[in-house]
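What follows is each chain in one-letter form.
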Amino acid sequence: MAKVIVVTSGKGGVGKTTTCANIATGLAQREKKTVVIDFDIGLRNLDLVMGCERRVVYDFVNVLQGEASLKQALIRDKRSDNLYVLPASQTRDKDALTQEGVGKVLDELKESFDFIVCDSPAGIERGAVMALYYADEAVVVTNPEVSSVRDSDRILGILAAKSRRAEQGEEEPIKEHLLITRYSPRRVSIGEMLSISDVQELLGIPLIGVIPESESVLQASNSGIPVIHNEKSISGQAYTDVVARFLGENKPMRFVDEEKKSLLSRLFGT
C-alpha cells in the first residue's frame, strides 16, 4: 500500500524542500518507487533542487484541471529510474488546489508508487493544508531556534486538527517525525542554538534525524543534485540515516556532538 508523506514546517527557509528532495531520493535509492510533488503553487522550487527545471512542460495544476495527464506531467529523475517529480505551477494561484482534485491525483499515483512525498509550503495557508490533508506520515522540519520551533508547534496543531484522519476520527493519527536541520554542536555549546533535547522537549514528537550545518547542502541545491548523492558529505550521510530510520532501521544519531580538538589545535587555534 502506497504511503503519503508530507514534509512540512511552520517557518520558511528551514530546509524543507531540500529535505523533501533528499528523502525522496533516498527512498528511490532503496528501490522504492517514489514520486515527489511540489505543493508550493506560484513559488516553484523543487524542480530546481532536483535539477529538472528545464524539463518542466506540464505541472500539478495542469493535471488537476484536466489540461494534461499525470504521465505527461511527471518528470523522471536523471539519476534514478525509481524517482519522479510532479512540479508546481509558477503562474497559477493556490486556489487552483482543491481537496477533491488533490485526492484524485493521489489515488492515481498510489496505483504506481510505493511512496508519495509532498513538499508543503511553509506555514498554514491553503497550499500547506492541502499538502497535509491526505498524509499518512509527516516529517516536521525545524531549525534549532525558538521562532522555528514555535512555528513547528503550530503545524503539529494543524496536523492534529485538519487532516483527513482527524476529520474522520480515525484511531490512527498521522505519524509524526521531527527532523532538525542546520544543527551546529559548537553553537549549541556556546548557547547560540537550542540543543536537540531542548527541541524535543518543546515539540514532544519522535526524532528521526539531525542534519548538520554544512556548506555542501547549499552547493548541492544550487547544482540541482540532492546532497544525499554525495557520500563524503556529513549532511548527505545524515539524510541517508534518516531514510534508513524511516524504513524501520535502527541507526545511531551521528554528527550531533562537538568534535574534540587535539592539544596542538587548541594551542595554535586551528
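Cut-offs applied
Residues numbered from 1 in each chain as written. Predicted model: local features only at pLDDT ≥ 70, side-chain atom pairs only at ≥ 80, totals over all residues. Heavy atoms only, no water. Helix = DSSP H or I, 4+ residues; strand = E, 2+ residues; numbered from the N terminus. Rg over C-alpha atoms; globule rule 2.2 N^0.38 Å. Buried < 20%, exposed > 50% of the residue type's maximum accessible area, 1.4 Å probe, protein only. Contact = heavy atoms within 4.5 Å. Areas by Shrake-Rupley, 256 points an atom, 1.4 Å probe, with all protein chains shown as cover. Lys, Arg positive; Asp, Glu negative; His and termini not counted. Charge placed at Lys NZ, Arg CZ, Asp CG, Glu CD. Pairing = 2+ DSSP bridges. Axes fitted to C-alpha atoms, helices over the stretch in contact; angles between N-to-C directions. Phe/Tyr/Trp six-rings, centres within 6.5 Å; stacked < 30°, edge-to-face > 60°. Lys NZ or Arg CZ within 6 Å of the ring centre and 35° of its normal. 1 Å grid on protein atoms, 1.4 Å probe; cavity = no way out; pocket = protein on both sides within 12 Å on 5 of 7 lines; lining within 4 Å. Points joined across faces, edges and corners; volume = space filled by probe spheres on them. Disulfide = S-S within 2.5 Å. Nonpolar A, V, L, I, M, F, W, Y, C, P; charged D, E, K, R; others polar.

What am I meant to see in the overall build of the chain here?
Counting its regular elements, the chain contains 13 helices and eight strands. Radius of gyration (C-alpha) of the chain: 19 Å, near the 18 Å computed for a compact globule of 270 residues. Taking the principal axes of the C-alpha coordinates as reference, the chain spans close to 65 × 40 × 35 Å. Looking at the chain as a whole, 54% of its 270 residues are labelled buried. Across the chain, every contact between residues at least 6 apart in sequence was considered, and the portion connecting residues at least 24 apart equals 75%. A total accessible area of about 13100 Å² is found for the chain, and carbon and sulfur atoms account for 46% of it. Treating the 34 positive side-chain charges of the chain as one cloud and the 39 negative ones as another, the clouds have centres 4 Å apart.

Please clarify how the sheet that holds strand 7 (residues 175-183) should be interpreted in this entry.
If you walk across this open sheet you meet the eight strands as 3-4-2-5-1-6-7-8, and the pairing is mixed. Unpaired on one side and paired on the other, strand 3 (75-76) and strand 8 (207-212) mark the two borders of the sheet. Packing against the sheet, helix 7 (residues 146-162) makes contact with strand 1 (3-8), strand 6 (137-142) and strand 7, and its axis sits at approximately 165 degrees to strand 6.

Please clarify how the environment of Glu 53 should be interpreted in this entry.
Mapping Glu 53 onto the fold places it in the loop between helix 2 (46-49) and helix 3 (60-64). A relative accessible area of 32% means that Glu 53 is categorised as partly exposed. Apart from the residues within four sequence positions on either side, Glu 53 is in contact with Asp 47 and Leu 48.

What's the story with the packing of aromatic side chains in this structure? I'm lost.
Aromatic rings considered in pairs are described by the distance between their centres and by the relative angle of their planes. In the structure shown here, the tally under the stated rule is four aromatic pairs. Relative to Phe 246, the ring of Phe 115 has its centre 6.0 Å away and its plane inclined at 65 degrees; by these criteria the two rings are edge-to-face. Taken together, the positions of Phe 115 in strand 5 (residues 115-119) and Phe 246 in helix 12 (residues 234-246) put the pair 131 residues apart, joining distant regions of the chain. Considered together, Phe 115 and Phe 246 belong to a single accessibility category, that of buried residues. Over the ring of Phe 113 we find Lys 33, and its NZ or CZ is 5.2 Å from the ring centre.

What should I look at first to understand the layout of surface pockets in this one?
Take a probe with the size of a water molecule and roll it over the atoms, and the empty space left behind shows itself. Here the largest pocket is characterised by a volume of approximately 460 Å³. Along the wall of the largest pocket there are 28 residues; nearest its centre are Gly 15, Lys 16, Thr 17, Thr 18 and Arg 182. When residues of the lining of the largest pocket are traced back to their parent elements, those giving at least two are helix 1 (16-29), strand 7, strand 8 and helix 11 (215-223). In terms of residues, the lining of the largest pocket owes the most to one element, helix 11, which gives four residues.

What am I meant to see in unusual backbone geometry here?
Leaving glycine aside, a negative phi is the common case for residues, and trans is the common case for peptide bonds. Even without being a glycine, Arg 182 presents a positive backbone phi close to 55 degrees. Examined against the element boundaries, Arg 182 turns out to sit in strand 7. Overall, Arg 182 belongs to the partly exposed group, its relative accessible area being 40%. Despite not being glycine, Phe 255 shows a phi value in the positive range, around 65 degrees.

I'm lost on the state of the cysteines in this one. Help?
Cysteine pairs can be linked by a disulfide, which is a covalent bond between their two sulfur atoms. Per the stated rule, a full pass over the model turns up zero disulfides. You can see Cys 20 has no disulfide; the closest cysteine sulfur is in Cys 118, sitting 7.6 Å from it. Residue Cys 20 is classed as buried on the basis of its relative accessible area, which comes to 0%. With a relative accessible area of 0%, Cys 118 lands in the buried category.

Hey, could you run me through empty space enclosed by the protein in this one?
Enumeration over the complete set of coordinates arrives at one cavity of 30 Å³ or more. Size it by volume and the largest cavity reaches roughly 30 Å³. Every residue lining the largest cavity is listed: Gly 209, Val 210, Ala 238, Asp 241, Arg 245, Met 253 and Arg 254. Of all the elements, helix 12 adds the most residues to the lining of the largest cavity, at three residues. Of the residues in the lining of the largest cavity, the class split is three nonpolar, one polar and three charged.

These values are about where atoms sit, not about what they do.
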